Amino acid sequence: MSVALAGVIGDPVDHSLSPFLHNAAFEHLGIAARYERWRTISAELSQRIASLRAPHMLGANVTLPHKRAVIPLLDRLDPQAEQIGAVNTIARLPDGQLEGCNTDAPATVATLREDAGFEPTGKRIVLLGASGAARAAAYALIAAQATALTVINRTLERAEELLADVLASSDADPYLRALTPDDPDVPEAIASADLIINATSLGWHADETPLPGHLIPATALVFDMVYRPTRLLREAAQAGAATLDGRGMLVRQAALSFERWTGVPAPLDVMFAAFDRAGARSA
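Throughout what follows, the structure given in this document is the object of discussion. (Residues numbered from 1 in each chain as written. Predicted model: local features only at pLDDT ≥ 70, side-chain atom pairs only at ≥ 80, totals over all residues. Heavy atoms only, no water.)

## Some thoughts on the overall build of the protein
Argument step 1. Looking only at helices and strands, one finds 10 helices and 12 strands in the protein.
Argument step 2. Computed over C-alpha atoms, the radius of gyration of the protein comes to 18 Å, within 12% of the 19 Å expected from 2.2 N^0.38 for 283 residues, which places it in the range of a compact globule.
Argument step 3. When its C-alpha atoms are laid out on the principal axes, the protein stretches across 60 × 40 × 35 Å.
Argument step 4. In the protein, which comprises 283 residues, the proportion classed as buried is 53%. (Helix = DSSP H or I, 4+ residues; strand = E, 2+ residues; numbered from the N terminus. Rg over C-alpha atoms; globule rule 2.2 N^0.38 Å. Buried < 20%, exposed > 50% of the residue type's maximum accessible area, 1.4 Å probe, protein only.)

Quick look at the structure:
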């Protein structure tokens, strides 16, 4: 019996726990499929995406740094991915065409609500970074009627572009601003935030943080999309802030991707349990 394939495309991907989640789900449901890590440098991205057109391919997840770069290589985007301007899931359609989707956006809000009891409506939010994941979060939070969104990014132009795209995709009228980390308005923005989200890669591979700990207010929820213990979360807890790591977001976006590829409901409990087992092994 032939085995269908899916995988995660990025650079690096060695740290990814996604294979544990998807392979547990495939096994639980008796689906003859396997999920792999596909490290892909930028020069090889076009060839990697073309390989997804083969009949045995289900599709792929896309992570840093390719969530925007894959878009011109696809045949179509679903409406949400088109509005966000970033793709984290590619689905191979029955005719071999490739559709770009974004499951990060719904997973972000679901994780905040279900894991932290945080309702974005009417809240002031600071978003660290302007990555593809940051774009998805910004889109989802504005759609959930957040009152204010401040994006802090090393490159001001990227933050401004993100906000312009989000505003163009929304009928809402939130207060939006873009800052660099050394802007004198940063301390005030952080101090008044109800929610601070790290959508940068800082914290993945070293004891780095995108935000000085002394700026974190005790009244904020600090959500780090990195799904491992990080300095940001440690210092947030020391400041008395509530904290949330990326576990729930990873599993929920994976479950939505799984459903795109297979057409069947994802076994969410099985995927959470697989994450916890894999996380314990990799700790």
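## What to know about the packing of aromatic side chains
Argument step 1. Evaluated as defined, the whole model comprises four aromatic pairs.
Argument step 2. Pairing Tyr35 with Trp261 gives two aromatic rings, centres 6.0 Å apart and planes at 35 degrees, and the pair type is tilted. Of the two residues, Tyr35 sits in strand β2 (residues 33–39) while Trp261 sits in helix α9 (residues 247–262), which places them 226 residues apart along the sequence. Neither residue differs from the other here; Tyr35 and Trp261 are each classed as buried.
Argument step 3. Pairing Trp204 with Tyr227 gives two aromatic rings, centres 4.6 Å apart and planes at 85 degrees, and the pair type is edge-to-face. Pair noted here: Trp204 is in the loop between β10 (195–198) and β11 (221–224) and Tyr227 is in the loop between β11 and α8 (231–238), with a separation of 23 residues, a long-range link. The pair Trp204 / Tyr227 is uniform in exposure class, with both members buried. (Phe/Tyr/Trp six-rings, centres within 6.5 Å; stacked < 30°, edge-to-face > 60°.)

## So, α8
Argument step 1. The complete set of buried residues in α8 reads Leu232, Leu233, Glu235 and Ala236. Along the axis of α8, the buried positions cluster into a sector of 165 degrees, meaning they face one direction only.
Argument step 2. The elements touched by buried residues of α8 are β10, β11 and β12 (242–244). (Arc of directions from axis to C-beta. Contact = heavy atoms within 4.5 Å.)

## Remarks on the pattern of salt bridges
Argument step 1. Within this structure, the stated rule accounts for 18 salt bridges.
Argument step 2. Between Arg113 and Glu119 there is a salt bridge whose closest N-O contact spans 2.9 Å.
Argument step 3. Overall, Glu119 belongs to the partly exposed group, its relative accessible area being 32%.
Argument step 4. Connected via shared salt-bridge partners are Arg68, Arg135, Glu161 and Asp165. (Salt bridge = Lys/Arg side-chain N within 4 Å of Asp/Glu carboxyl O.)

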